[in-house]
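Residue-level listing of the chains:
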Amino acid sequence: MQQTIVVKIGSSSLTSDEGGLNRGKILFFASELARLHRHGWHVLLVTSGAVAAGFREMGYANRPKNVHEKQAAASVGQALLMQAYHEAFAAHQVGVAQILLTRSDFSNRKRIHNASMTIEELMRHSIIPIINENDTVAVDELKFGDNDTLSALVANLVRARHLVIITDTDGLYTEDPRKNVNAKRIDRVVEIDEAMYRMAGGSGSSVGTGGMRSKIEAARIAMRGGVPVFVGRVSEPGDLNLAVEGVGKGTYFDTSEHNLPMKKQWLGFHSLPQGRITVDLGAEAALVEGGRSLLPAGVKVVEGEFHPGDVVEVINEHEQVIGRGVVNYTPWQLQAVAGLSTDEVQKRIDVHRIEVIHRDEWITLAAPKHA
Ligand SMILES: Nc1ncnc2c1ncn2[C@@H]1O[C@H](COP(=O)(O)OP(=O)(O)O)[C@@H](O)[C@H]1O
Ligand SMILES: N[C@@H](CCC(=O)OP(=O)(O)O)C(=O)O
């Protein structure tokens, strides 16, 4: 069976700070990807660069910050981006297709199933799907913002053998290497913790958006889906092959212990929460460290209009998201019994299940606290 590889290329690798596409770089990446394709891989490309490619043509001097300006620039730039890839891949007799996705597509089982069927059909015809966020319709709170997270969700969706995130630095450093020349590269990561997020700064260029922080977040999502990740530089012919062979210029995120069942992947990374529950310290420890269910006693605040069976986000007393789960109560039931012992709850209301969220329908999203 052919193996699938997802490659994400960031704006900083395709364009310049002044805007506009760098055609030389597009030709280079197309030849690197075509090489993998020839070697028998199913290749999926997740590419940024639409806003960066389009803003000059729109008449803006710099990358716009306002959402509508960005969306307009992206709709000009997306066409330029696809045209450039189409020409570049045609030189290798490889066809390409455009797929634009938003987070809400991943939350809807039917839509994501359709996207996945389309991708399979394209791959059967040896066509490379080129994926970007659908910037025109993505509303603020649903936006991936950067494409790192999108690439991880795609990699989990197609059960990729590898996710390669190409950027303009050769991996994750102990600090932003643009700010501290003495920062050291981390060659291999087996577990992502809070200390790692603290090492990562924002974007180093004026065209990129996510910085290393969003790459770590992407690596965390992909690792939990069982997909190993490489984050680094691909700048010389053959570099992409080296990255896939485990000797690339970058950081490798290992997956040996991180395989989540599909149901929990959906819960954690694709579902769209319908409400928020704030829990106390004891409940946080029970959920995150004890692997236990959430009981009414630990509930402090209930927000949103959800129904039993919906997914809700759970936050701690510091307003940090600690995870998500399928809720068994309506908001009014939960408000009526928040903070009460199980005996008290059973006296007051009639619920199908006593657990607010059962541990089998829960996923922890907070990074482990050690280090
Ligand atoms: N700890 C770190 N290690 C490596 N790079 C970092 C770190 N913290 C911040 N960065 C910055 O992240 C940038 C890459 O992210 P970004 O500009 O968003 O690229 P892309 O467009 O490829 O997504 C690097 O140029 C670097 O300046
Ligand atoms: N969808 C946007 C992606 C925004 C972006 O800059 O992302 P990235 O370069 O991955 O940090 C675009 O194509 O411009």
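Remember, it's a predicted structure, so these values are computed and weren't measured experimentally. (Residues numbered from 1 in each chain as written. Chains lettered and ligands numbered in written order. Predicted model: local features only at pLDDT ≥ 70, side-chain atom pairs only at ≥ 80, totals over all residues.)

### Focus: the packing of helix 7 (residues 148-157) against helix 9 (residues 211-224)
Quick reminder of the rule: Under this scheme, a helix contributes an axis fitted over its contacting stretch, all axes are lines through C-alpha atoms, and angles between N-to-C directions fall in the 0 to 180 degree range. Helical segments are the DSSP runs of H or I of at least four residues, strand segments are the runs of E of at least two, and each set is numbered from the N terminus. Any angle between 65 and 115 degrees counts as roughly perpendicular, while under 35 counts as roughly parallel, over 145 as roughly antiparallel, and the rest as oblique. Helix crossings are classified by the rotation of the near helix relative to the far one: an anticlockwise turn of less than a right angle makes the crossing left-handed, while a clockwise turn makes it right-handed. Once C-beta atoms have been placed from the backbone, residue pairs whose C-beta atoms lie within 7 Å are recorded as contacts. When residue character is reported, Ala, Val, Leu, Ile, Met, Phe, Trp, Tyr, Cys and Pro are called nonpolar, Asp, Glu, Lys and Arg charged, and the others, Gly included, polar.
The geometry of helix 7 relative to helix 9 is characterised by a closest axis approach of 8 Å and an angle of 15° between their N-to-C directions. Considered as vectors, helix 7 and helix 9 are oriented roughly parallel to each other. Relative to helix 9, helix 7 is oriented so that their crossing is right-handed. For the pair helix 7 and helix 9, the contacting residues are D148, T149, S151, A152, L153, A155 and N156 in the first and S214, K215, E217, A218, I221 and A222 in the second. When its residues are assigned to classes, the contact of helix 7 with helix 9 shows six nonpolar, four polar and three charged.

### Remarks on the UniProt feature "binding site: substrate" (unreviewed entry) in the chain
Stated formally: UniProt positions are given in the numbering used here, feature names are shortened, and annotations may be inferred rather than shown by experiment.
Taking the UniProt record as the reference, the feature "binding site: substrate" (unreviewed entry) is found at S48, D135 and N147. In terms of the greatest pairwise C-alpha distance, the residues named above, spread along 100 residues, form a tight cluster of at most 10.9 Å across. Tracing the backbone through its elements, the reader meets S48 in the loop between strand 2 (42-47) and helix 3 (50-54). Among residues more than four places away in sequence, those in contact with S48 are I9, G10, S11, N132 and N147. Here N147 shows up in the loop between strand 4 (128-133) and helix 7.

### Some thoughts on the sheet that holds strand 3 (residues 96-101)
In plain terms, the rule: Strand pairing is assigned whenever DSSP identifies at least 2 bridges connecting the two strands.
Spatial ordering of the open sheet is given by 3-4-2-1-5-7-8-6, a layout of eight strands whose pairing is mixed. At either margin of the open sheet sits one strand with a lone partner, and together these are strand 3 and strand 6 (188-189). In terms of strand pairing, strand 5 (residues 162-166) meets strand 7 (residues 229-233) through four bridges, oriented parallel. From the neighbouring strand, V164 faces strand 7, where its bridge partner is F230. Lying over the sheet, helix 2 (residues 23-38) contacts strand 1 (4-9), strand 2 and strand 4, oriented at roughly 155° with respect to strand 2.

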